[in-house]
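# Close look at the chain arrangement
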Amino acid sequence: MAIKINDIPPEGLTVELAHKLDLFDNGVASTAFTAVLSFKPSGAGLFHVAGRIQAEPLLECSRCLKTFPYRIDAEVSVELAPASAVESSTDHELDRSELDTEFYQGEELEPAALIKEQLLIAVPMVPLHDVNCKGLCPVCGKDLNEAGCDCTRDDQGVFGAFSVLKDIFKK
Ligand SMILES: [Zn+2]
Ligand SMILES: [Zn+2]
């Protein structure tokens, strides 16, 4: 997937990519994505990367633990800088604008790392398969989206496991 820097003309180069990557580092490149990215040289080895990445990784619902496809359609606008630029500047400090800067090494640009990072940013911290997901019963573990159960639950499900203990002590 690498792009040779020498192949990028001054007016820039647009590439279309369709591949799979290991988004969550679990050893399987299971997340298919498509990307259209343009790499435009902006001098001193810097490139401006703009475009769009689409993917549909499988996420686990944080309430009911069901796996569901999550649609990502992300606009990308980042700077690519040679890694040597960081090493050579001694008074380097990370300022706000550099958070959108990615680094590359050698004579090739490797879009995979950039794409992976942009996808991870787009993944929600607390994935929900549905905003109204009822989750699992903290007492019996039943998926409350499918059926109710007769357990007595605290409203704060956190204490559910504790109420099981109480029942045991009562016996
Ligand atoms: Zn759910
Ligand atoms: Zn229950």
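A brief structural summary. All values reported here derive from a predicted model rather than from experimental measurement.

Procedures and definitions
- Residues numbered from 1 in each chain as written.
- Chains lettered and ligands numbered in written order.
- Predicted model: local features only at pLDDT ≥ 70, side-chain atom pairs only at ≥ 80, totals over all residues.
- Heavy atoms only, no water.
- Salt bridge = Lys/Arg side-chain N within 4 Å of Asp/Glu carboxyl O.
- Helix = DSSP H or I, 4+ residues; strand = E, 2+ residues; numbered from the N terminus.
- Buried < 20%, exposed > 50% of the residue type's maximum accessible area, 1.4 Å probe, protein only.
- Donors = N, O, S within 2.8 Å, 3.2 Å for Na, K, Ca; no water.
- Tetrahedral: all angles 85-135°; square planar, octahedral: opposite > 155°, others 65-115°.
- Expected span 1.5 Å × (residues − 1).
- Arc of directions from axis to C-beta.
- Phe/Tyr/Trp six-rings, centres within 6.5 Å; stacked < 30°, edge-to-face > 60°.
- Core = buried A, V, L, I, M, F, W, Y, C linked by side-chain atoms within 4.5 Å.
- Contact = heavy atoms within 4.5 Å.
- Pairing = 2+ DSSP bridges.

Here we come to the pattern of salt bridges. Taken as a whole and assessed by the stated rule, the structure comprises five salt bridges. Where Asp25 meets Lys116, a salt bridge forms, and the shortest distance between an N and an O atom there is 2.6 Å. Of this pair, Asp25 sits in the loop between strand 2 (13-21) and strand 3 (31-43) while Lys116 is found in helix 2 (residues 111-122), placing the two residues 91 residues apart along the sequence. According to the relative accessible area criterion, Asp25 is exposed, its value standing at 60%. Across the salt bridge formed by Arg52 and Asp73, the nearest N and O atoms sit 2.7 Å from each other. Of this pair, Arg52 sits in strand 4 (residues 46-55) while Asp73 sits in strand 7 (residues 72-82), placing them 21 residues apart in sequence.

Another aspect to go through is the coordination of the zinc ion (ligand 2). Distances from the zinc ion (ligand 2) to its protein donors, Cys137 (SG), Cys140 (SG), Cys149 (SG) and Cys151 (SG), fall within 2.3 Å. Seen from the zinc ion (ligand 2), its four donor atoms lie at angles of 105 to 112°, and the figure they make is tetrahedral. Taken in chain order, the donor set of the zinc ion (ligand 2) reads C-x2-C-x8-C-x1-C. For Cys151, a relative accessible area of 24% gives the class partly exposed.

Taken together, the protein donors to the zinc ion (ligand 1) comprise Cys61 (SG), Cys64 (SG), His129 (ND1) and Cys133 (SG), at separations of 2.0 to 2.4 Å. Taken together, the four donor atoms coordinating the zinc ion (ligand 1) span angles of 105 to 117° at the metal, a pattern that classifies the geometry as tetrahedral. If you list the donors of the zinc ion (ligand 1) from N- to C-terminus, the spacing comes out as C-x2-C-x64-H-x3-C. Residue Cys61 is classed as buried on the basis of its relative accessible area of 0%.

Turning our eyes to something else, we now look at helix 2. Relative to the 16 Å expected for 12 residues at 1.5 Å per residue, helix 2 spans 17 Å between its end C-alpha atoms, a close match to the ideal helical length. By the burial criterion, the buried members of helix 2 are Pro111, Leu114, Ile115, Gln118 and Leu119. Seen along its axis, helix 2 keeps its buried residues to an arc of 130°; they face one direction.

With that settled, the discussion passes to the packing of aromatic side chains. What the rule picks out here adds up to one aromatic pair. Considering the side-chain rings of Phe47 and Tyr104, the 6.0 Å spacing of their centres and the 65° angle between planes classify their relative orientation as edge-to-face. Of this pair, Phe47 sits in strand 4 while Tyr104 sits in strand 8 (residues 101-104); the two residues are 57 residues apart in sequence, bridging distant segments of the chain.

The next thing to look at is unusual backbone geometry. The phi dihedral of Ala44 falls on the positive side, at around 55°, and the residue is not glycine. Within the fold, Ala44 resides in the loop between strand 3 and strand 4. Judged by relative accessible area, Ala44 falls into the exposed class, the value being 76%. Positioned with a positive phi, Leu65 is a non-glycine residue whose angle comes to about 65°. Assessed through its relative accessible area of 47%, Leu65 is described here as partly exposed.

If you look at the biggest cluster of nonpolar residues, it comprises 31 residues, and the most contacted ones within it are Phe33, Leu37, Phe39, Leu80, Leu109, Ile115 and Leu119. Those elements that provide at least two residues to this core are strand 2, strand 3, strand 4, strand 7 and helix 2. Looking at this core, the element that brings in the most residues is strand 7, giving five residues. Ignoring sequence-local partners within four residues, the contact set of Leu109 consists of Met1, Ala2, Ile3, Ile5, Ile8, Phe39, Phe47, Leu80 and Tyr104.

With that out of the way, let us pick up the pairing of strand 3. Bridging between strand 2 and strand 3 involves nine bridges; their strand directions are antiparallel. Looking across to strand 3, one finds that Leu13 is bridged to Phe39. With 10 bridges joining them, strand 3 and strand 4 adopt antiparallel strand pairing. Its bridge partner lying in strand 4, Thr34 is registered against Gln54. Between strand 3 and the antiparallel strand that follows it, strand 4, lie two residues; Ala44 among them carries a positive phi value of about 55°.

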